[in-house]
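# Geometric and topological summary
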Amino acid sequence: MGDKQHEGLGSIGIYCRFAPPPADEQKLLNHAIKRGPQGHAVAVRDDYSGSTLEMECEIAFDGGTTQMEVHEQVTEPLIPNLLKGYNCTLLAFGQTASGKTHTMLGPQGGRYDYLRKDQNCGIVPRAVVTLFDHLRASEEQAEVDFSYFEIYNEVVSDLIAKATSCDGDLKSFAFRGTDKARFEREVSRVRVRSADEFLHILEATTANRQQGGTDLNQVSSRSHSVVLLRVHTNSTSATMCMVDLAGSECIKKSNAQGLRRYETKNINTSLFALKQVIHALYKKKDHVPYADSMLTRTLADSLSGNAFLKILVCCTSRAEDVQETMTTLRFAKEASCVVRKPPSVNRHELFRQQQLMSAGDYDLLTTERNTLLTQNEEFQKQNDSLFNENAVLQMQVRQLQDTNTQLIQQIHQGAETYQSQVVSLQTANDHLQKRARELQEGEMRSGEQNAYLTKKVAEVQKHMEGILAQIKAVTVENDTLRAELRQSRSSLDSLKQQVSHHQQHSSHGMVQPYHTRQPSPPDYTNDSEATGCQRITEELNRLNQSDRQGFGGYAQRGGSDDLQQFQQQQQLQQERSQGKRPGSSLSEPLLTAEEDALTARLQRLEQVLLRPASSRSLLTDNSSSLNGSALVPP
């Protein structure tokens, strides 16, 4: 097919690949692949509607085709044309989860081990390996520049710039129309000298591509990725563009929500714009809507005819995806019918001028060119040195970023600690304020208690004044009683003299009046009041006892007295036995009554004088303690 295009047939090469069926899939797609004289024919039948779609393509690959076979039939034929100066473009088109990224990069999406050594390595790394193999075989001096970017939500993002930047941000931009100069100026270029160097860069940059999960594909590419190789030889400068398009999606099946739904809308919109461009080219319309999306603006040169263009359509083997598969094949069928102008060789301006110059001018320009090449090599060495310095600086920047991150964490921790301390202090402050309020309330209660106690003290003092007045009254009464006691002692002494006198008369054998007895009075001058009263009582009892003994002895003696005296004596004894004093004369009852009154009065004085002795000391102690000590509130 590449030879036919080189002859001037500017058609688009169509290739079809069916993904192997899943192991748990029970109902498979009803399709058939037939080999014909001009290529392969593919037929797909919709068992639900009964419709069938047939189309012709260069080659159709079934589920058992290897990655190497696809590379040998699709990308490897483009490498010689690239070295001759022809631009080449390869598009991988199809619905989501149909195997586009697997075909282009491999099962791991760009890991170096799979890119270089694994048999499932994609056709993009295989094409680069083949390119450098051809350069080594031809021994022709050539320079290869590599650019890698993605179109995500209608914005071009430079994946290489993100991989080499310090902060890891994407370098994004957008341009209007087909401003190729803006595109060439914004996209990063990396000079690669070997396939391994390219594969390492591809591995580092592929990880920056936008991916996400849906119900149809857990690792779905959410952007169109473009690998751009520029090959500069002595006479030509050509570009090879390999595009892994994001898959079309049915939102009902993918169940995309939020950001995924927005991504799906942009993907379907850009793919629809690509279909519109192919349809306009097929219909040979005057206006081709390249500017309708960022994808068609980027591919404008390739789609317009100045490149070998191949489209690899990928289809699933599931019966439930038959409608999406037939839509993909209709797009491929229409694209296979597009006739474009044949591509041309992209030669250097210096080579074109060489054909118009003389030999001398050519030699001069060749010398200048060699000088420039030498200077370019020196600049390249300086660039490498700067690149190494840049790598060291980037490492230092990353270290500083790590240090900054640690400091930020420490600041956050310090802020959290400070915040916790503030909370603790606030809690302590609230507790102190609460305690202060309690102390204020306690102070108020203490004031109330103090007022109450002051009132009580006043009442107690008033009561003490009454007690002191009573004590004074008792003291006066005590003094009065003492005076009466002294008077009673005098009366008792007189009475005792009469009793003693009466006893003296009785000792001579005759009964004398009780008041005529005059015994010698005892000495009470040195006795206390209680002891004196007790001795008086004992003396009275002794006198009574002696009277009874005297009258008894008189009756036993039986002298010469007459019967009348004896009868009087018996009468006196009878009176004593009845509790009367000796003698029944008028003076004895009076003495007895006076003696009884004095005895009762002496007993009352004993009770009063003995009891107030302790009460007086207690009252005196209480009065001194109440007057000398302060009341302490409970």
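The structure displayed is predicted, hence computed values, not measured ones.

Next up on the list: the nonpolar core. Within the largest apolar cluster, 48 residues are counted, with the highest numbers of intra-cluster contacts made by L303 and I311. The leading source of residues in this core is helix α11 (residues 259-283), at 7 residues. Ignoring sequence-local partners within four residues, the contact set of L303 consists of L274, V277, I278, L281, Y290, L309 and R340. Counting 43 residues, the second largest nonpolar core, distinct from the first, contains I79, A92, Y148 and L229.

It is worth spelling out the confidence of the model for the protein at this point. Regions with low pLDDT should not have their predicted coordinates read in detail. Per-chain confidence: the protein averages 78 in pLDDT, with 70% of residues scoring 70 or above. At the low end of the mean pLDDT range in the protein sits helix α1 (residues 2-6), at 40; at the high end sits strand β7 (residues 88-94), at 96. When the criterion is pLDDT under 50, residues 509-527 qualifies, and its contacts beyond four places in sequence or with other chains add up to 78 contacts. Confidence drops under pLDDT 50 across residues 612-634; counting only partners more than four residues distant or on other chains, this segment forms 15 contacts.

This next bit is on the environment of S248. Structurally, S248 is set in the loop between β15 (237-244) and α10 (251-254). Placed 150 residues apart in sequence, S248 and S98 show a C-alpha to C-alpha distance of 9.9 Å.

As paired strands, strand β3 (residues 30-35) and strand β4 (residues 40-45) are joined by 6 bridges and run antiparallel to one another. Each bridged residue has a counterpart across the sheet, and for H31 the counterpart in β4 is V44. Taken together, β3 and the strand that follows it, β4, pair antiparallel across an intervening segment of 4 residues, in which G39 is found at a positive phi of about 150°.

The subject of this paragraph is the sheet that holds strand β5 (residues 52-57). The strand order β3-β4-β5 describes an open sheet built from 3 strands, whose pairing is antiparallel. A strand with exactly one partner marks an edge of an open sheet, and here the two such strands are β3 and β5. The mean inter-strand angle of the sheet, taken between neighbouring strand axes irrespective of direction, is 15°. Across the sheet, helix α14 (residues 322-336) is in contact with β4 and β5; its angle to β5 comes to roughly 40°.

Attention shifts here to the pattern of salt bridges. On inspection of all chains with the given rule, the structure shows 14 salt bridges. In this structure, the salt-bridge partner of E324 is K253, at a minimum N-O distance of 3.3 Å. With E324 in helix α14 and K253 in helix α10, this residue pair connects regions lying 71 residues apart in the sequence. In this structure, a network of salt bridges that share partners links the residues K253, R318, E320, D321 and E324.

With that out of the way, let us pick up the pairing of β7. Burial within β7 is extensive, with 7 of its 7 residues counted as buried. Burial along β7 is two-sided: the residues C88, L90, A92 and G94 and T89, L91 and F93 are all buried. Both β7 and β15 contribute to a ladder of 5 bridges, which runs parallel. Bridge pairing links T89 to C241 in β15. As judged from the 7 bridges shared by β7 and strand β16 (residues 308-315), these two strands associate in the parallel manner. Note that in β16 the partner of C88 across the bridge is F308.

With that settled, consider the layout of surface pockets. Volume-wise, the largest pocket comes out at about 800 Å³. Contributing elements (two or more residues each) for the lining of the largest pocket: α6 (123-138), β8 (143-152), β11 (190-192) and α16 (359-506). If you tally residues by element for the lining of the largest pocket, the top one is α16, at 10 residues. Tallied by class, the residues present in the lining of the largest pocket amount to 9 nonpolar, 7 polar and 9 charged.

Tallied over the full model, the rule gives 4 aromatic pairs. An aromatic cluster is present here, built from F146, Y148 and F198 joined pairwise through their rings.

The next thing to look at is the packing of α11 against α14. Each pair of packed helices can be summarised by the angle the axes make with each other and by the distance between the axes. With their axes 9 Å apart at the nearest point, α11 and α14 run at an angle of 35° to one another. Crossing geometry of α11 relative to α14 is assigned as left-handed. Contacts between α11 and α14 involve L274, K275, I278, H279 and Y282 from the former and T327, F331, E334 and A335 from the latter. Here the contact of α11 with α14 is composed, by residue class, of 5 nonpolar, 2 polar and 2 charged.

So, how was this worked out
All residue numbers here refer to positions counted from 1 along the written sequence of the relevant chain. Predicted model: local features are reported for residues with pLDDT of at least 70 only, side-chain atom pairs are reported and counted for 80 or more only, and whole-chain, interface and lining totals are derived from all residues. Remark: hydrogens and water are excluded; side-chain values derive from all non-hydrogen atoms of the structure. Here, the term nonpolar core denotes a set of buried Ala, Val, Leu, Ile, Met, Phe, Trp, Tyr and Cys residues that are joined through side-chain atoms within 4.5 Å. Only protein chains enter the accessibility calculation, which uses a 1.4 Å probe. A residue is then buried if its area is under 20% of the maximum for its type, exposed if over 50%, and partly exposed in between. A run of H or I in DSSP counts as a helix once it spans at least four residues, and a run of E counts as a strand once it spans at least two, with each numbered from the N terminus. By definition, residues are in contact when any of their heavy atoms lie within 4.5 Å. What pLDDT expresses is the predictor's confidence in each residue, scored from 0 to 100. One requirement defines pairing of two strands: DSSP has to find at least two bridges between them. Lines fitted to C-alpha atoms define the axes, with helix axes restricted to the stretch in contact, and inter-axis angles between N-to-C directions lie between 0 and 180 degrees. The salt bridge criterion pairs a side-chain nitrogen of Lys or Arg with a carboxyl oxygen of Asp or Glu, the two atoms within 4 Å. Site definitions follow a grid-based scheme: protein atoms alone, a 1 Å grid, a 1.4 Å probe that fits but cannot get out for cavities, and for pockets an open set with protein on both sides within 12 Å along at least five of seven lines, plus lining residues having an atom within 4 Å of a point. Grid points are joined across faces, edges and corners, and a volume is the space filled by probe spheres set on the points. Residues are grouped as follows: nonpolar covers Ala, Val, Leu, Ile, Met, Phe, Trp, Tyr, Cys and Pro; charged covers Asp, Glu, Lys and Arg; every other residue, Gly included, is treated as polar. A pair of Phe, Tyr and Trp rings is counted when the ring centres sit within 6.5 Å of each other, with Trp represented by its six-membered ring. The angle between the planes then sorts it: under 30 degrees is stacked, over 60 is edge-to-face, the rest tilted. Helix crossings fall into two classes, left-handed where the near helix is turned counterclockwise from the far one by less than a right angle and right-handed where it is turned clockwise.

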